[in-house]
Amino acid sequence: MFKRAIVRTPGKSLVQGLSTAGLGLPDHQKALHQHAEYTKSLEDCGLDVLVLPPDENFPDSTFVEDAALLTPQCAIITNPGAPSRKGETSKIKHVLGDFFENIEEVSDPGTVEAGDIMMVGSHFYIGLSERTNQNGAEQVIGFLDKYGLTGSVIELEEVLHLKTGTAYLEHNNLVVCGEFVRTEEFQKYDLLVIPEDESYAANCIWVNDQVILPKGYLKTRAIIQSFGYEIKEVDVSEFQKLDGGLSCLSLRF
Ligand code: CIR
């Protein structure tokens, strides 16, 4: 069960965030409203949410998930592969000092963005992507090992981050879409296969047996509901314009 979450309010510089989506520029006012709704949905799931102020120096810093991997035993500060995101980690490290006794940190030449890391119990799948490299993944696996946790790598072919296309909903239930439908390592889970035309909704989050989904993905909603989960929907269209989804917007622990 999660008790807390950390989010960061999007700054005006959000419009300069990295994007391949081709959906236009995000509207800052709308993004602020959506971010507040997102924060409320986490609170409605019972989490105590720490809201950090905007950091205008880092346009993508609202995607706070990428800066750290949080486990019950330790926090691992990442080393983002995107040059414009490198500086996001120092402030997050400082904040996490209030919550974690054990803090590890990935260093060059390793790069890791934690959107590439999916926790399944005490095992962590690490996507090798344009942002997370083999050396970074090995450093993370070494840190996990120190705390009795395990990790393994999954090669990505198409998506930005591992969790762009897959989400673990506990109880052996794994949401998968696109390239992850056939991933060998995932075949031992009960797969909830999301249709390609709703691929954005594969980035959903489990919070204490409720599932938060992006708004308007009716087929995905029906699939997840059929597995017995209570669903909450949040409109995150302005973050989708920057390739970001629900998981990227918070650190949950
Ligand atoms: C980026 O390209 O880094 C941001 N515009 C989006 C990050 C999304 N984060 C995530 O999937 N964990």
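Structure first, text after, so check above.
Observations concerning the overall build of the chain
In step 1: When helices and strands are tallied, the chain shows 5 helices and 15 strands.
In step 2: Taken over the C-alpha trace, the chain has a radius of gyration of 17 Å; the compact-globule value for 253 residues is 18 Å, and the two agree within 12%.
In step 3: Across its three principal directions, the C-alpha atoms of the chain cover 45 × 40 × 35 Å.
In step 4: When the 253 residues of the chain are sorted by exposure, 57% land in the buried category.
In step 5: Across the chain, the fraction of contacts at a sequence separation of at least 24, relative to all contacts at a separation of at least 6, is 67%.
In step 6: As presented, the chain carries roughly 10,900 Å² of accessible surface, and 50% of it is formed by carbon and sulfur atoms.
In step 7: Where the 21 positive side-chain charges of the chain centre and where its 38 negative ones centre are 5 Å apart.

Some details on a negative patch on the surface
In step 1: Together, Glu155, Glu157, Glu158 and Glu196 line one region of the surface with negative charge.
In step 2: Along the chain, Glu155 turns up in strand 8 (residues 150–155).

Things to note about the sheet that holds strand 13 (residues 210–214)
What links the strands of a sheet is backbone hydrogen bonding, and the strands pair in either a parallel or an antiparallel sense.
In step 1: Spatially, 12-13-14 is the arrangement adopted by the 3 strands of the open sheet, whose pairing is mixed. Where the open sheet ends on each side, the last strands, each with one partner, are strand 12 (205–207) and strand 14 (230–234). With strand direction ignored, the average angle separating the axes of adjacent strands in the sheet is 30°.
In step 2: Across 3 bridges, strand 12 lies against strand 13 in antiparallel orientation. Bridged to Trp206 within strand 13 is Val211.
In step 3: Those strands touched by helix 1 (residues 28–44) are strand 12, strand 13 and strand 14, and its axis lies near 165° from that of strand 14.

Calculation criteria
- Within every chain, residues take consecutive numbers counted from 1 along the sequence as written.
- Only residues with pLDDT of 70 or above have their local features reported here, since the model is predicted, and side-chain atom pairs are shown and tallied only from 80 upward, although totals for entire chains, interfaces and linings are computed over all residues.
- To obtain the side-chain values, all non-hydrogen atoms of the structure were included, while hydrogens and water were left out.
- Secondary structure elements are taken from DSSP: a helix is a run of H or I of four residues or more, a strand is a run of E of two residues or more, and numbering for both begins at the N terminus.
- As a reference, a globule follows 2.2 Å times the number of residues to the power 0.38, and the radius of gyration itself is taken over C-alpha atoms.
- Buried means the residue's accessible area, taken with a 1.4 Å probe over protein chains only, is under 20% of the maximum for its type, while exposed means over 50%, and partly exposed covers the values in between.
- Contact criterion: two residues are considered in contact whenever any of their non-hydrogen atoms come within 4.5 Å of each other.
- Methods summary: accessible areas were calculated by the Shrake-Rupley approach with a probe of 1.4 Å, and residue burial reflects only the protein chains presented.
- Charge convention: Lys and Arg are scored as positive, Asp and Glu as negative, and His as well as the terminal groups of each chain are ignored.
- Working definition for charges: the position is that of NZ of Lys, CZ of Arg, CG of Asp or CD of Glu.
- Only residues whose relative accessible area exceeds 30% and that take part in no salt bridge are eligible for patches, with like-charged residues grouped when within 9 Å of each other and nonpolar side chains (Val, Leu, Ile, Met, Phe, Trp, Tyr) grouped when within 5 Å.
- Within this document, salt bridges are pairs made up of a side-chain nitrogen of Lys or Arg and a carboxyl oxygen of Asp or Glu, the two lying within 4 Å of each other.
- Strand pairing is assigned whenever DSSP detects at least two bridges linking the two strands.
- Simply put, an axis is a line fit to the C-alpha atoms, just over the touching stretch for a helix, and the angle between two N-to-C directions goes from 0 to 180 degrees.

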